[in-house]
Amino acid sequence: SDVGPDNGPEFQWELDHPLSMGSATDMSGGGLNTAGHVAPRPTVYDIDGIENPASTVAALHRAGDKVICYIEVGAAGNYYPAADEGNPVTNYAHLAAAGDLGRKVPGYPEYYLNINAASTVSIVKSMIRRQCAAKGFDAVEPDIDDSYTDSTGDPVTETENEAYDRALG
């Protein structure tokens with residue numbers, strides 16, 4: 001069966017490394033789920049949009065799966081080489097040069113973005129086009145898209161945050 005216990009699709013969320021199609025752990029079929037039952041193979045994969053190439057997305061599509069592009073839109077860290085991002089310089093360096101980095105995100109080596117800056121909107125939209133849309137992902141999981149609740153270093157209201165989220169879509 002390709003549905004979970006709540007009649008929804010089985011889901012795999014893999015963000016700490018590129019998905020390996022040959023790894024039983026990454027593909028999650030046959031392992032035990034949290035209820036102690038053998039988990040069916042997922043049909044929806046939520047994977048890092050920058051670390052995973054278009055070939056992985058295409059392979060999952062050939063298997064009949066849906067693929068969600070995980071990407072940070074409210075913070076940036078210096079995690080990826082520029083070549084992986086499809087840029088001459090990293091998105092992090094581009095955002096830093098534009099003055100768009102705010103306070104450090106507690107517990108992570110990354111910084112909140114000034115989501116009210118036009119340059120942030122432009123850089124992040126470009127990143128979503130290159131890393132999610134161009135690779136053929138089915139959907140986007142934007143992370144840190146509710147920074148109005150945090151102390152970002154730039155005052156952000158809920159209304160401004162909602163406008164930023166809409167501008168990225």
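What comes next is a walk through the structure. Since this is a predicted model, take the numbers as computed values, not measurements. (Residues numbered from 1 in each chain as written. Predicted model: local features only at pLDDT ≥ 70, side-chain atom pairs only at ≥ 80, totals over all residues. Heavy atoms only, no water.)

**A word on the packing of aromatic side chains**
Here is step 1 of the chain: Following the criterion strictly, the structure yields two aromatic pairs and no others.
Here is step 2 of the chain: For the pair tyrosine 79 and tyrosine 80, a centre-to-centre distance of 6.1 Å together with 75 degrees between the ring planes defines the contact as edge-to-face.
Here is step 3 of the chain: On the accessibility criterion, tyrosine 79 (39% relative accessible area) is partly exposed.
Here is step 4 of the chain: Relative accessible area serves as the criterion here: at 17%, tyrosine 80 is assigned to the buried category.
Here is step 5 of the chain: Centroid distance tyrosine 92 to tyrosine 111: 6.5 Å. Interplanar angle 45 degrees. Geometry classified as tilted. (Phe/Tyr/Trp six-rings, centres within 6.5 Å; stacked < 30°, edge-to-face > 60°. Buried < 20%, exposed > 50% of the residue type's maximum accessible area, 1.4 Å probe, protein only.)

**Points about the nonpolar core**
Here is step 1 of the chain: Counting 27 residues, the largest nonpolar core has Ile71, Val124 and Tyr164 as its most contacted members.
Here is step 2 of the chain: Counting residues per element, the ones that place at least two in this core are strand 2 (44-48), helix 2 (54-62), strand 3 (66-72), helix 4 (91-97), helix 5 (118-133) and helix 6 (158-168).
Here is step 3 of the chain: Counting residues per element, this core draws most heavily on helix 5, at six residues.
Here is step 4 of the chain: In this structure, valine 124 is in contact with Val73, Leu113, Tyr164 and Leu168, ignoring residues within four places of it in sequence. (Core = buried A, V, L, I, M, F, W, Y, C linked by side-chain atoms within 4.5 Å. Helix = DSSP H or I, 4+ residues; strand = E, 2+ residues; numbered from the N terminus. Contact = heavy atoms within 4.5 Å.)

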